[in-house]
Amino acid sequence: MCLPFTNRSRHREASPLVRSYSEKSDVSSQQSDGRSQRSEGRSSARSGSHRSAQLVRTGSFSPTQTLASDAEKLSFSSDSEVYDVPTLANQSRSKISRDTSKVTLVRSDSKKSTKWGYGWGTGKAKERERDLLERAPSLDSETRPPLYKSPTRSSSKSSGSKRPPFYSNDSASTLVGSALERKMNDVESIKERVDTADRLEDIRKLMVKDNLDYYIIPSEDAHQSEYVASSDKRREWISGFTGSAGQAIVSKTAAYLVTDSRYWLQAREELDSNWHLITAGAADAPKDWIDWLVDRAKNSRIGIDARMLSHEKATNLNTQLNLKNSKLIYPPQNFIDLTWKDKPLRSKDPIFVQSFEFTGKEASSKIAELRTWIRAQPPAVPSYSKAPPTAAQTHVGTLITSLSSIAYLLNLRGSDIPFNPLFYSYLFLSLDRVVLFLDAAKLTDETEDYLKALGIERKEYNDIWAFLRRRDWGEGKVLISPETSYAISLMLTHFRYTVAPSFIDGMKAIKNEIELEGMRRAYLRDGAAYVKWQAWLEHKIQQGYDITEYEAAWRLTEYRRQNKHYWGLAYENISASGPNAALPHYSPSKSTARMIDRETPYLNDSGGQYRDGTCDTTRTVHFGRPSPDQCEAYTRVLQGHIAIDSAVFPEGTNGAQLDVLARRALWKDGLNYMHGTGHGFGSFLNVHEGPHGFSSNVPLVPGHVITNEPGFYLEGRWGMRIESALAVRRVKTKGEFSGDIWLGFERLTCVPIQTRMVKEAMLTKEEKQWLKDHNRKCLDRLEPYLKDDKRALKWLKRESDRGIGVAAPGPGGITIDWD
């Protein structure tokens with residue numbers, strides 16, 4: 001899954017391939033929320049008797065306290081209460097339900113594939129939806145939802161063969177039982193452009209009350225999370241824009257959405273007439289929302305919820321605003337929370353322990369390592385002072401606000417945010433004390449005993465504000481990361497904290513051997529599911545079925561669901577054909593998905609969350625005869641992929657220094673892609689994880705895991721990307737210059753790379769051998785996982801033995817695709 005690329009330089013067109021610099025936004029996690037089901041029946045508060053330790057997802061919960069007259073009672077339960085910052089006084093998923101029953105994918109047909117491996121087939125003429133329903137377990141007619149019927153396709157250019165008279169996405173012959181029920185119950189709300197006039201009017205009334213010129217609504221939550229829960233989608237609610245990145249800025253007379261090129265098209269479709277789109281990064285446009293705001297602000301008062309702004313951004317913004325005689329104002333209550341009447345409640349799903357079997361290191365050991373780091377931090381003594389450090393200048397603890405860092409450090413997981421096994425909490429750790437701010441409703445007997453065994457105190461989630469105000473740790477300074485909420489900085493005041501890079505980010509980025517072994521197993525299981533799905537998809541298309549992008553993505557999820565340790569998806573499925581594949585972050589919806597055609601590449605970027613690893617894989621395939629420009633571009637992308645995978649480099653080399661290897665082959669033809677080449681990922685944590693990456697200056701070290709995902713996107717026509725996960729390891733070289741300092745990559749992903757679009761004449765001898773070895777290794781490693789799926793095993797054997805490219809046209813223009 002690709003991340004945005006910060007280099008916005010432009011190049012002249014030097015090829016008949018038209019390059020795309022605009023990218024579709026990440027599809028809103030609202031779709032995933034709509035598909036998830038919350039379990040019911042759990043009480044809203046924890047009863048006096050202990051509950052059994054079960055990993056069961058429950059419904060949403062959030063108390064609705066408000067600030068009491070007691071100055072010590074600072075409450076944030078509903079995200080709309082006052083957070084009493086003393087220094088500010090003078091300033092005027094639902095989740096995807098896990099079905100533990102084993103899902104069986106039954107192949108209802110036994111028709112052999114066509115003689116030529118990539119043939120189109122003629123389809124079936126007599127298979128009907130009623131046949132599917134007859135094979136499925138009986139469902140109560142009163143509870144069975146109606147069958148989904150997609151809009152009828154007006155035309156088809158993919159083949160001259162006769163098509164079966166089905167609905168255009170009717171390919172459900174292998175779904176029965178719970179898999180069929182899940183699909184039928186995946187009710188998708190009709191997207192309509194939201195009329196935001198009344199919402200903006202309510203916000204402006206509050207702005208007038210506080211004498212504000214602007215009010216900013218960021219995309220992030222109070223923990224600066226990349227993905228946010230439904231209750232934190234404030235920017236989406238006020239604007240109607242469902243992309244995962246962007247800032248809404250409301251003035252007295254207008255409203256603006258500032259977002260980058262990945263989201264321009266989606267924003268234009270979703271914003272109503274009350275909003276103006278600011279295309280950040282475009283020619284003659286601001287770089288980001290901060291540049292846009294600073295350019296306009298003059299003698300202005302700008303409101304923002306300080307919890308939704310990081311310390312780093314707030315410091316930068318304040319510095320620039322001061323030069324314009326403007327300043328940030330922090331109202332004690334979030335304006336969106338005050339006006340959002342049907343705001344979703346926070347999750348109360350229980351947390352659970354991630355055992356040593358998966359983590360390879362006990363939480364007590366991680367805590368001890370963090371305390372050693374705290375002791376090593378020098379006192380915060382002014383440079384001009386010659387006096388010995390005082391107790392107030394000594395660092396005595398750290399406050400952790402990153403949800404992934406807390407989950408990693410304590411070996412705990414949750415399910416409060418879609419696609420991320422995280423839970424809402426804060427953590428304070430000193431040299432002799434650990435305090436976890438977590439709602440009691442999220443505890444089970446097991447987790448409560450676990451926390452007691454570690455000597456961890458528990459306070460309610462919103463008690464963090466009273467804790468900070470009272471300085472409960474005593475004398476001394478607290479270490480915070482630059483991503484910490486600015487509200488916390490203001491509460492502490494600069495005399496009581498020091499900003500330092502997150503030590504835990506570095507800890508969790510370097511995987512230990514047990515974590516690496518878990519990832520190897522997870523990628524094998526995920527790869528087997530991917531191969532089963534690819535074999536199914538090609539088989540159906542050869543038979544003449546029309547498959548939508550949505551249907552293809554759904555089937556892949558069903559295959560993954562059968563895997564051991566499966567927990568859910570790592571992110572929204574990216575399943576794209578034709579022009580949709582030119583949008584790197586496109587994700588299909590049931591009602592608007594495009595048919596997978598045979599004239600353009602089909603791209604699938606997806607991954608599963610498993611207890612032993614987070615997976616992220618992209619493959620691009622073609623089901624017809626690719627055009628010469630598609631073959632050339634795909635070959636260049638493959639060459640970049642191989643260059644990164646084969647790289648050998650000395651210690652101290654960072655990802656940014658290797659990035660050129662992925663782009664060099666594309667640059668030869670004047671091609672490029674405008675997203676990052678790869679990112680770190682977690683061990684059953686976030687799919688995007690730092691601090692290393694191919695756009696980062698952090699040196700790569702053994703234990704780092706990183707994705708390798710070059711691509712190319714021809715705007716409005718097609719796109720392609722190849723992504724595999726890599727682990728940094730030591731390698732032996734012939735020269736061993738300077739000793740054992742040389743590093744390389746171990747490939748974790750085990751999915752064949754289709755050779756159909758590869759232009760053999762463009763590859764070197766080494767690149768041809770790499771491609772052959774990779775596909776052969778996939779067969780060797782995945783064959784044991786596919787012994788019960790003859791179709792998948794046959795498909796995998798064929799892919800591992802297949803030559804490169806397609807046969808050239810024969811006499812009379814006749815083409816035969818050899819198998």
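These remarks concern the structure in this document. (Residues numbered from 1 in each chain as written. Predicted model: local features only at pLDDT ≥ 70, side-chain atom pairs only at ≥ 80, totals over all residues. Heavy atoms only, no water.)

**With respect to the sheet that holds strand β13 (residues 477-480)**
The six strands lie next to each other as β12-β11-β10-β8-β13-β14, forming an open sheet whose pairing is mixed. The two strands at the open ends of the sheet, each matched to only one other strand, are β12 (456-459) and β14 (497-499). Each strand of the sheet is rotated relative to its neighbour by a mean of 25 degrees, with strand direction disregarded. Here four bridges tie strand β8 (residues 395-400) to strand β10 (residues 426-430), and the two strands are oriented antiparallel to one another. For I400, the partnering residue across the bridge sits in β10 and is L427. Against the sheet, helix α12 (residues 403-410) touches β8, β10, β11 (434-437) and β12, its axis set at about 55 degrees to β10. (Pairing = 2+ DSSP bridges. Helix = DSSP H or I, 4+ residues; strand = E, 2+ residues; numbered from the N terminus. Axes fitted to C-alpha atoms, helices over the stretch in contact; angles between N-to-C directions. Contact = heavy atoms within 4.5 Å.)

**A look at the side chain of E549**
Within the element layout of this structure, E549 appears in helix α18 (residues 549-561). No salt bridge is formed by the buried E549, whose closest oppositely charged neighbour, R594, lies at an N-O distance of 5.6 Å. Reaching out from E549, the side chain makes a polar contact with the side chain of N580 at a distance of 3.0 Å. When sequence neighbours within four positions are dropped, the list of residues in contact with E549 reads S575, A576, S577, N580, Y586, P588, A593, R594 and I596. (Buried < 20%, exposed > 50% of the residue type's maximum accessible area, 1.4 Å probe, protein only. Lys, Arg positive; Asp, Glu negative; His and termini not counted. Salt bridge = Lys/Arg side-chain N within 4 Å of Asp/Glu carboxyl O. Polar contact = N/O pair within 3.5 Å; in protein donor to acceptor, adjacent residues only side chain to side chain.)

**Some thoughts on the environment of C2**
Positionally, C2 belongs in the segment before α1 (30-35). On the basis of relative accessible area, C2 is assigned to the buried category, the value being 0%. If we ignore the near neighbours within four places in the chain, the residues touching C2 are P584, H585, D605, H675, H688, E709 and R721.

**Here we look at the nonpolar core**
Grouped together as the largest cluster of nonpolar side chains are 99 residues, with contacts concentrated most on W289, L293 and L468. Residues within four places of L468 in sequence aside, it is in contact with L399, W473, I488, M491 and L492. L658, A662, W718 and M720 belong to the second-largest nonpolar core, a separate cluster that totals 33 residues. (Core = buried A, V, L, I, M, F, W, Y, C linked by side-chain atoms within 4.5 Å.)

**Brief notes about the packing of helix α7 (residues 289-296) against helix α8 (residues 311-322)**
When two helices pack together, their arrangement is given by the angle between their axes and by how far apart the axes lie. Interhelical geometry of α7 versus α8 gives an angle of 25 degrees and a closest axis separation of 10 Å. Judged by the inter-axis angle, α7 sits roughly parallel to α8. Crossing handedness for the pair α7 and α8: right-handed. Here W289, I290, D291, L293 and V294 of α7 lie close against α8, whose contacting residues are K313, N316, L317, Q320 and L321. (Parallel < 35°, antiparallel > 145°, perpendicular 65-115°, else oblique. Left-handed = near helix turned anticlockwise from the far one by under 90°.)

**With respect to unusual backbone geometry**
Excluding glycine, residues mostly carry a negative phi; peptide bonds, for their part, are mostly trans. At the junction of G690 and P691, the peptide bond is cis and its omega measures out at 5 degrees in the coordinates. For P691, the position within the fold is in strand β23 (residues 689-693). Backbone geometry places N211, a non-glycine residue, at a positive phi of 55 degrees. Tracing the chain through its elements places N211 in the loop between α4 (197-209) and β1 (214-217). At S738, a residue that is not glycine, the phi angle is positive and equals roughly 65 degrees. Classification of S738 as exposed rests on a relative accessible area of 55%.

**Observations regarding α4**
The end-to-end C-alpha distance of α4, which contains 13 residues, comes to 19 Å, matching closely the 18 Å that a straight helix rising 1.5 Å per residue would cover. For α4, every residue scored as buried is listed here: L200, I203, R204, L206 and M207. When α4 is viewed along its axis, its buried side chains cluster within an angular range of 160 degrees and face the same direction. Projecting away from the buried face of α4 at angles above 90 degrees are the exposed residues D198, K205, V208 and K209. Buried residues along α4 sit against β1, α5 (234-239), β2 (247-251), β3 (255-259), β4 (275-279) and α9 (335-339). Looking one or two residues past α4, N211 carries a phi angle of roughly 55 degrees, positive in sign. (Expected span 1.5 Å × (residues − 1). Arc of directions from axis to C-beta.)

**Concerning the state of the cysteines**
Counted according to the given criterion, the structure contains zero disulfides. Residue C778 stays outside any disulfide, its sulfur separated by 3.9 Å from that of C750, the closest cysteine. Taking the relative accessible area as the measure of exposure, C778 reaches 1% and is therefore buried. (Disulfide = S-S within 2.5 Å.)

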